[in-house]
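# Coordinates in review
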Amino acid sequence: MSQEPFDDTDLVPRRRFLTLAGAGLLTIGFGSLAEGLVGGLSEPFNQQVESLIFKPQQPVPEFPISAIEPDKLIINSFRGTPAIAPETYRLVIDGEVNNPLSLSMTDLQKIPLTSMVIRHVCVEGWAAIVQWGGVRLRDLMAIAQPSAQAKYVYFYSADGYYESWDIDSVMHPQTLMAYQKNGQPLTPEYGAPLRLASPVKLGYKLSKWVTRIQLTSVLGQKRGYWEDLGYEWYAGI
Ligand SMILES: Nc1nc2c(c(=O)[nH]1)N[C@H]1C(S)=C(S)[C@@H](COP(=O)(O)O)O[C@H]1N2
Ligand SMILES: [Mo]
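In this text the structure is predicted, and so the values were computed from the model without any measurement.

Let us now look at unusual backbone geometry. Put simply, Ala 192 and Pro 193 share a cis peptide bond, and its omega is 5°. Even without being glycine, Trp 209 reaches a positive phi, approximately 50°. Structurally, Trp 209 can be placed in the loop between β9 (195–197) and β10 (210–216). Phi at Ala 235 is positive, roughly 50°, even though this residue is not glycine. Considering the arrangement of structural elements, one finds Ala 235 in the segment after β10.

Laid out in structure tokens, this is it:
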């Protein structure tokens, strides 16, 4: 994994603009899965145990470029590829944050690029070594400034897919919002303009076409497209 030093001063003027843009979006109101669910069920009983086993902050060893398996990443989409115009696309970050954001691809590409070669593992019985390039999610979190209550993170996708994660895995240094795959710009069927990539979670946690990242203090009843059909929530590798 490689990353340029993160120059925060560069973001200060833009941060002000983004705050205003984010606030504007919030006033028109976003429907929310998590907000409407009262009482929040208790934390999944297995989370603490799994966090210990998987050590979410520990770096995962990466592969050399030569290990990439370009033909092995199978397109796996529950409802086809949604049409997204990259020029008008925005990534919204809201919920339990002090500084809600609405970021264009141009904004995101100003943030230092991180590249990694990792294994993608699908529960359906296949895996592929892939290079991903993009923005560390923790760098976006550093700008959005999660509040002290933020413990879980929902990812909403343009195809109706949704996922929720523990915040430790979100903050893992190898959890990226990726816009490159195997050295090329990400293509629509693989999640363009922006998707999750991480060596700490199984394939179904790695949402494609992410349009909104919402931080919350509690998990709602809905936890993820596959989780709500019976798959495991933590899904660590
Ligand atoms: N939005 C969205 N993200 C998704 C899915 C999906 O159907 N919709 N499928 C998941 C599953 S099960 C896997 S294994 C990976 C597959 O990623 P790929 O299609 O780039 O190989 O995407 C995950 N992310
Ligand atoms: Mo999968």
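Don't stop here, the text continues.
A few words now on the site of ligand 1. What surrounds ligand 1 is a group of 20 residues, the closest being Ile 74, Phe 78, Asp 159, Arg 195 and Lys 208. Between ligand 1 and Leu 206, the relevant distance is 2.9 Å, taken from a nitrogen atom to a main-chain nitrogen or oxygen of the residue. One of the side-chain nitrogen or oxygen atoms of Lys 208 is found 2.5 Å away from an oxygen atom of ligand 1. Across the shell around ligand 1, the residue classes break down as 11 nonpolar, 6 polar and 3 charged.

Turning to the packing of aromatic side chains, a few remarks are in order. Per the stated rule, a full pass over the model turns up 10 aromatic pairs. Centre to centre, the rings of Phe 155 and Trp 165 are 5.6 Å apart; their planes meet at 65°, and the pair counts as edge-to-face. Linking Phe 155 in strand β5 (residues 152–157) with Trp 165 in strand β6 (residues 162–166), this pair joins segments that are 10 residues apart in sequence. Exposure class is identical for Phe 155 and Trp 165. Each is buried. Ring centres of Trp 233 and Tyr 234 lie 6.3 Å apart, and the angle between their planes is 65°; this geometry places the pair in the edge-to-face category. A relative accessible area of 7% places Trp 233 in the buried class. What links up through ring pairs into an aromatic cluster is the set Phe 78, Tyr 161, Tyr 204, Tyr 225, Trp 226 and Tyr 231. Over the ring of Trp 165 we find Lys 201; its NZ or CZ atom is 5.7 Å from the centre of that ring. Sitting above the plane of the Tyr 234 ring, Lys 201 keeps its charged end 3.6 Å from the centroid.

Our next topic: the nonpolar core. Counting residues in each nonpolar core, the largest one holds 29 residues, and the members touching the most others are Ile 93, Leu 140, Phe 155 and Ile 213. Contributions of two or more residues to this core are made by β1 (91–95), β2 (101–103), α3 (105–109), α4 (137–144), β5, α5 (167–170), β7 (176–181) and β10. Looking at this core, the element that brings in the most residues is α4, giving 5 residues. Not counting the four nearest positions on each side in its chain, Leu 140 is found in contact with Leu 91, Ile 93, Leu 101, Leu 103, Leu 108, Ile 111, Val 135 and Met 177. Counting 14 residues, the second-largest nonpolar core is a separate cluster that includes Cys 122, Trp 132, Tyr 190 and Ala 192.

Conventions and cut-offs
Residue indices begin from 1 for each chain and proceed along its sequence in written order. Key to labels: chains lettered from A, ligands numbered from 1, both in the order written. Local features in this predicted model are restricted to residues whose pLDDT is 70 or higher, and side-chain atom pairs enter the listing and the counts only when it is 80 or higher, whereas totals over whole chains, interfaces and linings include all residues. The side-chain figures draw on all heavy atoms in the structure; neither hydrogens nor water molecules are used. In this description a helix means any DSSP run of H or I spanning at least four residues, a strand means any run of E spanning at least two, and both kinds are numbered starting from the N terminus. Note on terminology: near, applied to a residue and a molecule or strand, indicates that one of the residue's heavy atoms is within 4 Å of it. Throughout this description, a polar contact denotes any pair of N or O atoms lying within 3.5 Å of each other; where both atoms belong to protein, one of them has to be capable of donating a hydrogen while the other can accept it, and for residues adjacent in sequence the pair is counted only when both atoms sit in side chains. Under the grouping applied here, Gly and all other residues not named as nonpolar or charged are polar, the nonpolar ones being Ala, Val, Leu, Ile, Met, Phe, Trp, Tyr, Cys and Pro and the charged ones Asp, Glu, Lys and Arg. Aromatic rings from Phe, Tyr and Trp, taking only the six-membered ring of Trp, are treated as a pair when their centres fall within 6.5 Å; an angle between ring planes under 30 degrees marks them as stacked, one over 60 as edge-to-face, and anything in between as tilted. Type-normalised accessible area, obtained with a 1.4 Å probe on protein chains alone, sets the label of each residue: buried when under 20%, exposed when over 50%, and partly exposed for intermediate values. We call a charge positioned above a ring when the Lys NZ or Arg CZ atom is no farther than 6 Å from the ring centre and deviates by at most 35 degrees from the ring normal. Nine residue types can take part in a nonpolar core, namely buried Ala, Val, Leu, Ile, Met, Phe, Trp, Tyr and Cys, and a core is a set of them joined through side-chain atoms within 4.5 Å. Note on contacts: a residue pair qualifies if any of its non-hydrogen atoms lie within 4.5 Å across the two residues.

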